[in-house]
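Spelled out from the first residue to the last, the chains are:
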Amino acid sequence: MRIHYRLMESRDVPGVFKVDQACFSHNWTEDSYKAETNNILSNYIVAELDGEIIGFGGFWQVIDEAHITNIAVLAAYRQTGVGQNIINAMLALALEQGCVAMTLEVRADNQPAINFYLKNQFTRQGRRKDYYGTGMDGIIMWRYKLE
Ligand SMILES: CC(C)(COP(=O)(O)OP(=O)(O)OC[C@H]1O[C@@H](n2cnc3c(N)ncnc32)[C@H](O)[C@@H]1OP(=O)(O)O)[C@@H](O)C(=O)NCCC(=O)NCCS
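Computed from a predicted model, the values in this text were never measured in an experiment.

## Observations concerning the site of the ligand
- Not every one of the 20 residues close to the ligand is listed here, only the nearest: Ile-71, Gln-79, Gln-84, Asn-110 and Lys-119.
- Val-73 places a main-chain nitrogen or oxygen 2.8 Å from an oxygen atom of the ligand.
- One of the backbone nitrogen or oxygen atoms of Thr-80 is found 3.2 Å away from an oxygen atom of the ligand.
- For the ligand, the cavity whose grid points lie within 2 Å of the majority of its atoms is the largest pocket.
- For the shell around the ligand, the leading source of residues is helix α4 (residues 111-119), giving six residues.
- Here the shell around the ligand is composed, by residue class, of ten nonpolar, seven polar and three charged.

The following block contains the structure:
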């Protein structure tokens, strides 16, 4: 598989939206991804295979902190290292832009994603009750060193 990892461009928005639709139960709109391409705080990496977006990840840079918005890989391509390559690219970009830490919220019952972040040196630092709806808490995770 020859997968290309690069910054998201406005032409990628339909593909990124498709991945969002396939991977999340709380979806963003296509317009919100379009807006991300004009948001100076936003940084998105896409994984492209033969012209198709198969995964993406993004963060907002707030002063010197990188806040992950979304990261997703189409189910058919999971557990093959695509997510790892996306987060590696996000970490490198965040570091290059002067960020000193990275954070995110993840659903408390999303064990694959929690494992993914634990493997990437994120640690559990808090919990937001009902963050994803009644009975669906969000776990706050941080990685304090990006190097
Ligand atoms: C989380 C997600 C992006 C991981 O992407 P991926 O391409 O499958 O991840 P990788 O293959 O690069 O795996 C990297 C590491 O993550 C962990 N991991 C990934 N999937 C896992 C699973 N299903 N179960 C347990 N650990 C898992 C492992 O530690 C893995 O390392 P290893 O292969 O050495 O064991 C993917 O599962 C996904 O898109 N999930 C749906 C969307 C989502 O929940 N996003 C997170 C929102 S906060």
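Moving on, there is more to tell.
## Structural notes on the UniProt feature "domain: N-acetyltransferase" (unreviewed entry) in the chain
- UniProt's feature table lists "domain: N-acetyltransferase" (unreviewed entry) at residues 3-146, given in the numbering used throughout.
- Measuring from the first to the last C-alpha atom of residues 3-146 gives 24 Å, for a span that is 29% helix and 36% strand.

## So, the layout of surface pockets
- Counted as a void, the largest pocket has a volume near 1200 Å³.
- As for the largest pocket, its lining consists of 35 residues, and the residues nearest its centre are Phe-24, Ile-71, Asn-110, Ala-113 and Tyr-117.
- Within the residue set of the lining of the largest pocket, elements represented by two or more residues are β4 (65-73), α3 (82-96), β5 (101-107) and α4.
- Of the residues that constitute the lining of the largest pocket, the class distribution is 17 nonpolar, 14 polar and four charged.

## Topic: α3
- Helix length check: α3 (15 residues) gives 21 Å between terminal C-alpha atoms against 21 Å at 1.5 Å per residue, within 8%.
- All buried positions along α3 are accounted for by Val-82, Gly-83, Ile-86, Ile-87, Met-90, Leu-91, Leu-93 and Ala-94.
- Gly-98 occupies a position one or two residues after α3 and carries a positive phi of about 90 degrees.

## Some thoughts on the packing of α3 against α4
- Their axes nearest at 11 Å, the elements α3 and α4 cross at an angle of 50 degrees. Classed by the angle they form, the pair α3 and α4 counts as oblique. At the point where α3 passes α4, the crossing takes the right-handed sense. Contact with α3, carried on its side by Gly-83, Gln-84 and Ile-87, involves Phe-116, Tyr-117 and Lys-119 of α4 and no other residues of that element.
- Looking at the contact of α3 with α4 residue by residue, the classes come out as three nonpolar, two polar and one charged.

## Comments concerning the sheet that holds strand β6 (residues 123-128)
- Sheet architecture is open: seven strands sit in the order β1-β2-β3-β4-β5-β7-β6, paired in mixed fashion. Edge positions in the sheet fall to β1 (3-7) and β6, since each has one partner strand and no second. Geometrically, the sheet is characterised by an average inter-axis angle of 25 degrees between neighbouring strands, direction not taken into account.
- Strand direction decides the pairing type here: β4 and β5, joined by three bridges, are parallel. Residue pairing for β5: Glu-65 is matched across the bridge by Ala-101.
- Helix-sheet contacts for α3 involve β1, β2 (42-49), β3 (52-62), β4, β5 and β7 (138-143), and the interaxial angle to β4 is about 160 degrees.
- The strands touched by α4 are β4, β5, β6 and β7; relative to β5, the strand with the most contacts, the crossing angle is about 165 degrees.

The rules behind each value
Residues numbered from 1 in each chain as written. Predicted model: local features only at pLDDT ≥ 70, side-chain atom pairs only at ≥ 80, totals over all residues. Heavy atoms only, no water. Near = heavy atom within 4 Å. Polar contact = N/O pair within 3.5 Å; in protein donor to acceptor, adjacent residues only side chain to side chain. 1 Å grid on protein atoms, 1.4 Å probe; cavity = no way out; pocket = protein on both sides within 12 Å on 5 of 7 lines; lining within 4 Å. Sits in = over half its atoms within 2 Å of the grid points. Helix = DSSP H or I, 4+ residues; strand = E, 2+ residues; numbered from the N terminus. Nonpolar A, V, L, I, M, F, W, Y, C, P; charged D, E, K, R; others polar. UniProt positions renumbered as here; feature names shortened; annotations may be inferred. Points joined across faces, edges and corners; volume = space filled by probe spheres on them. Expected span 1.5 Å × (residues − 1). Buried < 20%, exposed > 50% of the residue type's maximum accessible area, 1.4 Å probe, protein only. Axes fitted to C-alpha atoms, helices over the stretch in contact; angles between N-to-C directions. Parallel < 35°, antiparallel > 145°, perpendicular 65-115°, else oblique. Left-handed = near helix turned anticlockwise from the far one by under 90°. Contact = heavy atoms within 4.5 Å. Pairing = 2+ DSSP bridges.

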